[in-house]
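Coordinate analysis (summary)
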Amino acid sequence: MKTETTSGNRGLLQAEGLIFETGHATGTGVDLPEPKGGADELGGLGRKAALDLPGLSEPETMRHYVRLSQKNYAIDLGLFPLGSCTMKHNPRLNERVARFEGFAELHPLQPLSTTQGAMEVMDQLAHWLCTMTGMPAVALSPKAGAHGEMCGMLAIKAALAARGEGETRKRVLVPTSAHGTNPATAHEAGFIVDEIPARDDGRVHLDDVKVKLGPDVAAIMITNPNTCGLFEREVKAIADAIHEAGAYFYCDGANYNAIVGRVRPGDLGVDAMHINLHKTFSTPHGGGGPGAGPTVLSAALAPFVPVPHIIKRDKGYSLREHTEGTQAFGRMCAFHGQMGMFTRALTYMLSHGSDGLRQVAEDAVLNANYMLTRLKPHYNAPFGNGPCMHEALLDHTRTKEQGIETKDFAKALLDEGYHPFTTYFPLVVDGAMLIEPTETEPKRELDRFCDVMIALSKRAAAGDKDFFKNAPVLAPTRRLDETRAARSPKLRWKRGDNSAAIAAE
Ligand SMILES: *Cc1c(COP(=O)(O)O)cnc(C)c1O
């Protein structure tokens, strides 16, 4: 950390090292009695040397975490325009309900007679997810979008095996613009990934899909609206062609926020789609909480939905935990999934109602188009000749020649107090800047951000390269060696080694 102060602090922001650097093995914040007995019950395998844990008093511990928390950028602090991530406000009502004792204090192994309310929440959430998407079944248990992708692809695998085509249908078609998790999931699930090339208009074309179809194709994975922020116009025709060829349609539903309440993916011919509750349904994510990726399934895949199954009978709810006697492909995780996210998501749905959810999509799209319209005169917008869905996509074409790239704009935004947009994704656009304002930003915030972006574009156009290459100057750390951080992360701290932070450039 490079600061000119003696203390290392900047203004009222306190510098903070690793807890291992500040703590001491001899200190502690608690006062526990010496354990009685002392007989060696570990068969001589007990630790001999001191554990060397960082001991801190209670006030020191508080300060450590509060100082770290002040280095966090959060949706509660400002605009978080990270494209594809739907960083929207998490309503406090959700938090209130999730903290109700009857939900928050439950243990997954409690007797079912004491968890009927929680199961009703899960059942209702499942009902509304199915209703909104127009799909007959849902697996609630996946714990993230990528986990939901895995759930969908395993359901497809099970369905193919049940048809006797498990060994022959191995190819999964994935557009080049796909999120990295799509090909990764297909590969992990044992399929072979076959890329569908990108077209100039940023969309997948029926013709490009048709030439790839054959008796060895298991599925296609399409994101809609896609990662360029565009609606896939030929999606229904593509779904029909896929089905005709005996394959399944996996839809990456991470961008569901743009169409929730407006489009039922089931009507588009989708066979499986994960829904990121932490994106569309406003449960916290990105360091703020665990995700949840419930996966809706079509009639063709519904029999294979993983356990646990919630079963509703006259006398109450019960859970089917085992696959015997069913076609369920297995289970995705221990217990039932992220209960806290279920409560939050259902609260969000019920408090918005169907009209409110529809407006979520409409306002998300409106906000993105407002930004695209304001920024288009100043940045290259690769697909900007028409409206976008929930994301405005720009790139660095206009300033790349002068050596000012997407990364430099992102670093300059840090000095302006903004978390950058998504950079260099989707890969089909060179130097992509993917901006997703979401519906929860007021016009004032959109304008402030656009003003900053426009000022930066002018500075770049004027050739002020030094300004960009030096940025950020006001952030706690300057430019990090990102390649080194990714390739050789320092995962272990040793006493005496106080350079654990990756050296600033
Ligand atoms: C966020 C996202 C995912 C993965 O979701 P996680 O919850 O992060 O696992 C997949 N696809 C797209 C397009 C996404 O934006």
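Residues numbered from 1 in each chain as written. Predicted model: local features only at pLDDT ≥ 70, side-chain atom pairs only at ≥ 80, totals over all residues. Heavy atoms only, no water.

**Some remarks on the pairing of strand β12 (residues 432-435)**
The two faces of a sheet get side chains in turn, since along a regular strand they alternate between them. The following threshold applies: Accessibility here uses a 1.4 Å probe with only protein chains present; expressed as a share of the type maximum, an area under 20% marks a residue as buried, one over 50% as exposed, and anything in between as partly exposed. Helix numbering and strand numbering both begin at the N terminus, where a helix is a DSSP run of H or I of at least 4 residues and a strand a DSSP run of E of at least 2. Note on pairing: two strands pair once DSSP finds at least 2 bridges between them.
Judged by which residues are buried, β12 turns out to be covered on both faces: Ala432 and Leu434 on one side and Met433 and Ile435 on the other are all buried. Bridge count between strand β10 (residues 392-395) and β12: 4 bridges; the pairing is antiparallel. Within β12, the position partnered with Ala392 by the bridge is Ile435.

**Structural notes on helix α12 (residues 406-415)**
As a reminder of what qualifies: Note on definitions: a residue-residue contact is assigned when non-hydrogen atoms from the two residues lie within 4.5 Å.
Taken across its 10 residues, α12 has 7 buried, putting it largely inside the fold. Within the span of α12, buried status applies to Thr406, Asp408, Phe409, Ala410, Lys411, Ala412 and Leu413. Where α12 is buried, its residues meet α11 (397-400), β11 (422-423), β12, α13 (443-461), α14 (465-470) and α15 (482-487). Residue Gly417 follows α12 closely and has a positive phi angle near 90 degrees.

**Observations regarding the site of the ligand**
Worth spelling out the cut-off: Definition of nearness: a residue and a molecule or strand are near each other if at least one heavy atom of the residue lies within 4 Å of the molecule or strand. Between N or O atoms, a polar contact is any pair within 3.5 Å; within protein, one atom must be a potential hydrogen donor and the other a potential acceptor, and residues adjacent in sequence are included only when both atoms are from side chains. Reported accessibility uses the Shrake-Rupley method at a 1.4 Å probe radius. Residues are deemed covered only where the shown protein chains occlude them. For this scheme, ten residues count as nonpolar: Ala, Val, Leu, Ile, Met, Phe, Trp, Tyr, Cys and Pro. Four count as charged, namely Asp, Glu, Lys and Arg, and the remainder, Gly too, count as polar.
What surrounds the ligand is the set Ser84, Ala144, Gly145, Ala146, Glu149, His179, Thr181, Asp252, Ala254, Asn276, His278 and Lys279. Gly145 places a polar main-chain atom, nitrogen or oxygen, 2.7 Å from an oxygen atom of the ligand. Take His278: an N or O atom from its side chain is 2.7 Å from an oxygen atom of the ligand. In the complex, 85% of the free accessible area of the ligand, which totals 380 Å², lies under the protein chains. Here the shell around the ligand takes 3 residues from helix α6 (residues 145-162), the largest share from any one element. Classifying every residue of the shell around the ligand gives 3 nonpolar, 6 polar and 3 charged.

**Comments concerning the pattern of salt bridges**
To keep it simple, the criterion reads: In the sections that follow, a salt bridge refers to a side-chain nitrogen of Lys or Arg positioned within 4 Å of a carboxyl oxygen of Asp or Glu.
If you walk through the whole model with that rule in mind, you get 26 salt bridges. A salt bridge links Arg171 to Asp216; the shortest N-O distance between them is 2.8 Å. Of this pair, Arg171 sits in strand β2 (residues 171-175) while Asp216 sits in the loop between α8 (206-210) and β4 (217-223), and the two are 45 residues apart along the sequence. The salt bridge involving Asp240 is made with Lys236; its shortest N-O contact spans 2.9 Å. Here Asp240 and its partner Lys236 are both found in helix α9 (residues 235-244), 4 residues apart, which amounts to about one turn of the helix. Overall, Lys236 belongs to the partly exposed group, its relative accessible area being 38%. Taken together, the shared-partner salt bridges in this structure form one network comprising Arg171, Asp194, Lys212 and Asp216.

**Overview of the nonpolar core**
Note that soluble globular proteins tend to have their nonpolar side chains buried in a common cluster. Formally: Buried residues of nine kinds, namely Ala, Val, Leu, Ile, Met, Phe, Trp, Tyr and Cys, make up a nonpolar core once their side-chain atoms join them within 4.5 Å.
By size, the foremost hydrophobic cluster in this structure holds 52 residues, and its most contacted members are Leu125, Leu129, Ile220, Leu277 and Phe281. Top contributing element to this core by residue count: helix α10 (residues 339-375), with 10 residues. Dropping the residues within four chain positions of it, Leu125 is found in contact with Leu140, Leu277, Phe342, Ala345, Leu346 and Met349. With 29 residues, the next largest nonpolar core counts Met371, Cys388, Ala392 and Val452 among its residues.

**Re the sheet that holds strand β3 (residues 192-196)**
Selection criterion: Note on geometry: axes are lines fitted to C-alpha atoms, helical ones only across the stretch in contact, with angles between N-to-C directions running from 0 to 180 degrees.
Pairing within the open sheet is mixed, and its 7 strands lie in the order β1-β7-β6-β5-β4-β2-β3. The sheet is open, and its two borders are formed by β1 (137-139) and β3, each paired with just one other strand. Taken over all neighbouring pairs, the strand axes of this sheet differ in orientation by 25 degrees on average, direction set aside. In this structure, β4 lies alongside strand β5 (residues 248-252), joined through 5 bridges in parallel fashion. When the sheet's bridge partners are listed, Ile222 is paired in β5 with Cys251. On the sheet, α6 packs against β1, β2, β4, β5, β6 (272-274) and β7 (295-297) and is oriented at approximately 175 degrees with respect to β5.

**Quick look at the confidence of the model for the chain**
Applicable threshold: Note: pLDDT gives the predictor's confidence per residue, expressed from 0 to 100.
For the chain, the average pLDDT comes to 93, and 97% of its residues sit at 70 or higher. Here residues 500-505 scores under 50 on pLDDT; set against residues more than four positions off or in separate chains, the count is 13 contacts.

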